[in-house]
Number of protein chains: 2
Amino acid sequence: MASIAPTPDASQNPALAAQAEILARPATDSRRLADAIRALAIDGVEAAKSGHPGMPMGMADVATVLFTKFLKYDAADPRWADRDRFVLSAGHGSMLLYSLLHLTGHAGMGVEELKRFRQLHSPAAGHPEYGEHPGIETTTGPLGQGIATSVGMALAERMLAARFGASLVDHRTWVIASDGDLQEGVSHEAASLAGHYALSKLCVLWDDNHISIDGDTALSFTDDTLKRFQAYGWAVRRIDGHNPEEIASAMAWATRNRKPTLIACRTIIGFGAPTKAGTAGSHGAALGATEVAGAKELLGWTAPAFSVPEDIKAAWEAAGRRGAGTRRSWLKRLAKHPQEAEFDRAMSGKLPEAWHESLAALRAKHAEEKPKLATRVSSQRALEALVPSVPEMVGGSADLTGSNNTNVKGIPAITPGNFGGRFMHWGVREHGMAAAMNGMTLHGGIIPYSGTFLVFSDYMRPAIRLAALMGIRAIHVLTHDSIGLGEDGPTHQPVEHLASFRAMPNVFVFRPADAMETAECWELAVKRADGPSLLALSRQNLPALRSDAGENRCARGGYVLAEASGPRKATLIATGSEVHLAVAARETLEAEGIPTAVVSLPCWEIFAAQDAGYRNQVLGDAVRVGVEAAIGFGWERWLGADGIFVGMSGFGASAPAEELFKHFGITADAVTAAVKKRLA
Amino acid sequence: MASIAPTPDASQNPALAAQAEILARPATDSRRLADAIRALAIDGVEAAKSGHPGMPMGMADVATVLFTKFLKYDAADPRWADRDRFVLSAGHGSMLLYSLLHLTGHAGMGVEELKRFRQLHSPAAGHPEYGEHPGIETTTGPLGQGIATSVGMALAERMLAARFGASLVDHRTWVIASDGDLQEGVSHEAASLAGHYALSKLCVLWDDNHISIDGDTALSFTDDTLKRFQAYGWAVRRIDGHNPEEIASAMAWATRNRKPTLIACRTIIGFGAPTKAGTAGSHGAALGATEVAGAKELLGWTAPAFSVPEDIKAAWEAAGRRGAGTRRSWLKRLAKHPQEAEFDRAMSGKLPEAWHESLAALRAKHAEEKPKLATRVSSQRALEALVPSVPEMVGGSADLTGSNNTNVKGIPAITPGNFGGRFMHWGVREHGMAAAMNGMTLHGGIIPYSGTFLVFSDYMRPAIRLAALMGIRAIHVLTHDSIGLGEDGPTHQPVEHLASFRAMPNVFVFRPADAMETAECWELAVKRADGPSLLALSRQNLPALRSDAGENRCARGGYVLAEASGPRKATLIATGSEVHLAVAARETLEAEGIPTAVVSLPCWEIFAAQDAGYRNQVLGDAVRVGVEAAIGFGWERWLGADGIFVGMSGFGASAPAEELFKHFGITADAVTAAVKKRLA
């Protein structure tokens, strides 16, 4: 196809003349340091026979200036709380990051690791994976996520500075982003938020290389990106990304700015490659022996593969120690700080000593009062207990605050002028919200929870997936969780969303049945530190089903809510707003002499992790009926081959909720009838 | 919470003064017509005790000018092919659309329908639902979708004009969008595309009312939206949305423009409401009797609920006939057009007579040659057969053309200057791509197919859901469909995506095993006119497993690929790239005297729709083993209580593909061992 970049032809590649001009400039120390990145990136990709050399080669000069002059870090302690955060949003250029970690002397990224780039169990994975090396701030690769995550980091920095003061918290967030990052919709949501909050310590270095996988970006991308970011309230600048002085001057300008900054770094992708530079050919595959040899010759790089001349390595390691003194001073300030222990606790993700006391009191109250509430309202009650007790909890909503009930009286909103608040008005930006929440958690010191309708979890899915993959805490309050929302109709009625997230590894999907279970599920969600939790909550009121407050019964994922009066003939298994239907059906069946148990199954993932003995005891051997106002996909796991499912088989409809439950046959009568038919 | 809009207080609501000033202007005919919309919207929401009166009341003046002066339509035939398309992206304001359809004399939207707003089986559903009334162009409600869908409609118009000429195809796309639409990320992707392609016949009327659900939009939204759209290459203008002359002048300007246009219509939400106008209080709930009475009094509207004075109704019906003459002339041109039959065929969604002949030839060739190909390459072969035979097929890729293999030699790309092409470089905009594809299908005359990695289907999910809900054809080519993609690692390796879409109603998920099945699945996907199809395709090469080309065996969703040599002791059920592992395991087991069948299950949804007799015959009574390089969620449906699943239980990893299959235990040996262990 004519529009796909052709095999590069040196004589027809205009980037090569520009490259020659740059190579002809007097060599600088910065260029020599940058060439070390280029050489390692080339070697890593070549050894793996897979990867993306073009981006590290193109952005090496920018990254070198950042890591040798601006970024605040100390290679001796990559988890230092007040370090600047560096996010490689263009995660495919992972060898850039691994080379930097290696060169600056970070432990755990030796030459052996680089040689095992993209191999099983190597910390140098295909894309940067959070947890594989302490110097990796976040997992990136799916485009747009890194830049949106970084907005959350920059927000977290402001919020912690408001809480603990600038003597403990005063750092920047630097991002390298690609054309692809800026084409993704989530970049709009994130940039708009950053502009609104005037996050002046956020600086995005845009690798403006004019090349994406299909060829010249002009094939599909002709935005005036700088103007677009100005429209968000950012300060912008355009520079030659191969000129160390221009780069340094722009970074200095960024650090002085009162707005978030975007620096368009005009670069040549694959800089140094003799024929593939400036083309998509250098983007996503090993260069090949000839091109590698040519590149090293052009760059004047004579060291063997994976080795770096001593003077260059020494200069890089000195850069890696640049922040050591600053860190020592900071440690001294921390030691003297009145909130030292609290700061350490919050940053470590450990909950406060007495965090669940108010929640325990609330559960006791629920047991006594048995309130009839929508679980979204029960959730608000739980938050009223939790939020004052857990100062790192920060809530929000994507413009549905009153509907999601995620606000807590007396807790002020976060505004551009007041980062001491603890409630975010995210705007209609679900995706940006979820990604920024990941950034808050990764930054440390914050436990974020969101608010939107369950159906709009679809918009957040790529970011929730990253939270699951990284194994980090993020809590999503997802209300209006079934046809029970009524008149808004099928566009707003989730039917497949529970299943779609139950299918996603490492996500806990909670669907509590009443006020008590809602409090219990909140307790479990807040306690969970190794992955995201979703709370699916009803719009409609639900009767209280529990009067025991001792044990957190949701902690086993599922339990017998009401045992049969004799040997079980049926077990009704339900979640959320359908549990009370099961309870009503049980009453009828028992009255007709059919001993029936009701099982509440608020969290499948936790229940699945229980021992088989417990699971079998709960589910029993009698006829099993599943009840959930959602499609049945996945229910076979609990119902077995002969189980009966009472629920949805397709999309919902627009009508008052009670009519819909009747229309779709999700009623206590339907459950009763199904059991009797089976037993007949 | 202080930042939530307080209960409106007339004395403290600055919008009321502005409203009074507007109401004091000399009454115009346009205002009287607009008040009919307001009154009906108020009455509809009041009767339903649910809905969104604020938006229709605010945008009534803009809509009136559009429907009485600019929109090309004929109420007598809402499906007239060359009508202007009107998209209510702010779908919550559905009463605006229903009122307009009613007032202009469209059949099927009588006063009885308006009275049943938001009731079961009413065409006047909570949000506009495609298919409920022929005047509803698309389903809207999830914010951002309508504006992105409209970009696809505007693209389709250009493409069909290129194919059939301006005498048949020459219409505009008008969109009403809210603040929320413009906050959503997909609006960025869509607007950027529209600017790139200079879609000058697209006009977005932004309801710039400064209010969203949480209160003043300034809480979270301070973009300079006009500047942002200028950065995309749009022409922009700001007007008073209650001034009919300004509105008309801006629309006239839009029709003359060479760029897509954004008109910021400054309006007062809930215009007419005596205390709630200009506040979030008028957005999402019935106004209540007192406010309704006050509003009608302010507007001077004395007619009873749901009725419209005769002169006003007559004026509206005349507007509904405005396009009748234009339509008659167009019908005459069509009757004389050399491509009349072809135009009708393409617009109706009917495939060409001989559309599958080349595909049949390809299948015969595959049967003979048994090529070892990645299914993404087999897919390209299928496209090479299909695309020349089906002129309405339009392909594309979200910047992964070479990886998705969605391009066909000799088929030119669509460029801003050439809409005669049939391949879209969508850029890194998966969400915008999927939504615009919906718009292409809805417009008619195009069968769109996309390209991206399966893992990035997460980005497209809200738009795919709408295609499923609307029941419209859209084909998504999703390559790199498992850990088989290797080194890119877990961010790029889908493990839960098959399950997550199998859970979504009305989506067909195809996962073919070899070149033959790929051709068969393509045939089924193209034939399917009532919902979206996803094709999950491998990066890695796969052996050919079939040598029969007669019957399309995928047409039953699953089938016995290899029967056991004796009474079955095991049935191995697999999809896609794991079917050949099952075949290899079968060979071993048969050699060891264990009669084993292999079932290929390329499309669960079709298989589930077969009669139970066929399904049982295929699946058999022997031990069942499922094999799929994905998580097992949902497999219980086919495996039963005692089945064994060989697949993933969590996220993948970065390493060469063969190593990953070994690492995760998805091998023929693992399948063999599992069967033998069970039978032991």
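Description of the structure in this document. Residue positions are given per chain, counting from 1 as you read along its sequence in written order. Following the order in which they are written, the chains are lettered starting with A and the ligands numbered starting with 1. Side-chain atom pairs in this predicted model are given and counted only at pLDDT of 80 or more, local residue features only at pLDDT of at least 70, and totals for whole chains, interfaces and linings cover all residues. Side-chain descriptors were evaluated using all non-hydrogen atoms of the structure, hydrogens and water having been removed beforehand.

1. Structural notes on the side chain of His52 of chain A
Then comes step 1: One can find His52 of chain A in the loop between α2 (29-48) and α3 (54-70).
Then comes step 2: Each residue is placed in one exposure class: buried if its accessible area under a 1.4 Å probe, protein chains only, is under 20% of its type's maximum, exposed if it is over 50%, and partly exposed if it falls in between. Exposure remark for His52 of chain A: the relative accessible area of 11% places this residue in the buried category.
Then comes step 3: A distance of 3.5 Å separates the side chain of His52 of chain A from the backbone oxygen of His92 of chain A, its partner in a polar contact.
Then comes step 4: When checking whether two residues touch, look at their non-hydrogen atoms; a contact exists if any pair is within 4.5 Å. Those residues in contact with His52 of chain A, other than ones at most four positions away along the chain, are Val45, His92, Gly93, Arg118, His283 and Gly284 of chain A together with Asp488 of chain B. By definition, any uninterrupted DSSP run of H or I lasting at least four residues is a helix, any uninterrupted run of E lasting at least two residues is a strand, and each is numbered from the N terminus. The term polar contact refers here to a pair of N or O atoms within 3.5 Å; inside protein, the definition further demands a hydrogen-donor-capable atom paired with an acceptor-capable atom, and it admits residues adjacent in sequence only when both atoms are side-chain atoms.

2. A short note on the side chain of Asp43 of chain A
Residue and element names in this part refer to chain A.
Then comes step 1: With respect to the helices, strands and loops of the structure, Asp43 is situated in helix α2.
Then comes step 2: Given the relative accessible area of 6%, Asp43 is considered buried.
Then comes step 3: In this structure the side chain of Asp43 is engaged in a polar contact, spanning 2.6 Å, whose partner is the side chain of Lys296.
Then comes step 4: When residues no more than four places from it in sequence are discounted, the contact partners of Asp43 are Lys296, Ala305 and Phe306.

3. So, the pairing of strand β3 (residues 202-208) of chain A
Residues and elements named next belong to chain A.
Then comes step 1: For β3, the buried fraction is high: seven of the seven residues fall into the buried class.
Then comes step 2: Covered by surrounding structure in β3 are Leu202, Val204, Trp206 and Asp208 together with Cys203, Leu205 and Asp207, the residues of both alternating faces.
Then comes step 3: Strands pair, by our definition, only if DSSP identifies at least two bridges between them. As defined by bridge partners, strand β2 (residues 173-177) adjoins β3 across five bridges and the pair is classed as parallel. Each residue of the ladder has a partner; that of Trp174, found in β3, is Cys203.
Then comes step 4: Where β3 and strand β7 (residues 261-266) come together, six bridges link them in parallel fashion. Its bridge partner lying in β7, Trp206 is registered against Ala264.

4. Considerations on helix α16 (residues 375-389) of chain B
Residues and elements named next belong to chain B.
Then comes step 1: One less than the residue count of a helix, multiplied by 1.5 Å, gives the span that helix is expected to have. Under the 1.5 Å per step criterion, the end-to-end length of α16 is 21 Å for 15 residues, consistent within 8% with the ideal 21 Å.
Then comes step 2: In this analysis the local bend is the angle between axes fitted, respectively, to the seven residues ending at and the seven residues starting at the residue. In the structure, α16 departs most strongly from a straight axis at Leu383, where the bend amounts to approximately 30 degrees.
Then comes step 3: Burial of α16 is extensive: twelve of the 15 residues sit out of reach of the surface.
Then comes step 4: Those residues of α16 that fall on the buried side of the exposure criterion are Thr375, Arg376, Val377, Ser378, Ser379, Gln380, Ala382, Leu383, Ala385, Leu386, Val387 and Ser389.

5. Observations concerning helix α27 (residues 668-679) of chain A
Along an α-helix, a turn takes 3.6 residues, which lines up residues three or four apart on a common side.
Residue and element names in this part refer to chain A.
Then comes step 1: If you check α27, its first and last C-alpha atoms are 17 Å apart, about what twelve residues at 1.5 Å a residue would give, namely 16 Å.
Then comes step 2: Those residues of α27 lying buried are Ala668, Val671, Thr672, Ala674 and Val675. Projected down its long axis, α27 carries its buried residues within an arc of 160 degrees, all on one side. Every exposed residue of α27 that faces more than 90 degrees away from the buried side is listed here: Asp669 and Lys677. Of all possible arcs, the one meant is that of the directions from the helix axis to the C-beta atoms.

6. Section: the environment of Ala398 of chain A
Residues and elements named next belong to chain A.
Then comes step 1: With respect to the helices and strands, Ala398 occurs in the loop between β9 (393-397) and α17 (401-404).
Then comes step 2: Distance from Ala398 to Phe456, taken between C-alpha atoms, is 9.8 Å for residues 58 residues apart in sequence.
Then comes step 3: Discounting residues that sit within four places of it in the chain, Ala398 has contacts with Trp426, Gly427, Val428, Arg429, Glu430, Met433, Gly451 and Thr452.

7. Considering the pattern of salt bridges
Once their charged atoms are close, side chains differing in charge can pair, the charge on each being opposite to the other.
Then comes step 1: Every case where a carboxyl oxygen of Asp or Glu lies within 4 Å of a side-chain nitrogen of Lys or Arg is listed as a salt bridge. If you walk through the whole model with that rule in mind, you get 80 salt bridges over all chains.
Then comes step 2: A salt bridge links Arg327 of chain A to Asp77 of chain A; the shortest N-O distance between them is 3.6 Å. Of the two residues, Arg327 of chain A sits in helix α13 (residues 324-336) while Asp77 of chain A sits in the loop between α3 and β1 (85-88), which places them 250 residues apart along the sequence.
Then comes step 3: For Arg327 of chain A, a relative accessible area of 16% translates into the label buried.
Then comes step 4: By relative accessible area, which is 26% here, Asp77 of chain A ends up partly exposed.
Then comes step 5: The salt bridge involving Asp82 of chain B is made with Lys72 of chain B; its shortest N-O contact spans 2.8 Å. Here the residue Asp82 of chain B occupies a position in the loop between α3 (54-70) and β1 (85-88), and Lys72 of chain B occupies one in the loop between α3 and β1, the gap between them amounting to ten residues.
Then comes step 6: Asp82 of chain B gets classed as buried once you look at its relative accessible area, which sits at 2%.

8. Here's the deal with the interface of chain A and chain B
Then comes step 1: Each partner contributes residues to the interface: chain A has 105 residues there, and chain B has 105 residues.
Then comes step 2: Summed over the shared surface of chain A and chain B, the result is eight salt bridges.
Then comes step 3: Inspection of the chain A/chain B interface yields 50 residue pairs in polar contact (both at pLDDT 80 or more).
Then comes step 4: Ranked by residue count, the leading element in the side of chain A that touches chain B is helix α19 (residues 457-470) of chain A, at eight residues.
Then comes step 5: Gly is put with the polar residues, along with every residue not named as nonpolar or charged; the nonpolar set is Ala, Val, Leu, Ile, Met, Phe, Trp, Tyr, Cys and Pro, and the charged set is Asp, Glu, Lys and Arg. Looking at the side of chain A that touches chain B residue by residue, the classes come out as 44 nonpolar, 39 polar and 22 charged.

Without other data, these values stay purely geometric and don't point to any function.
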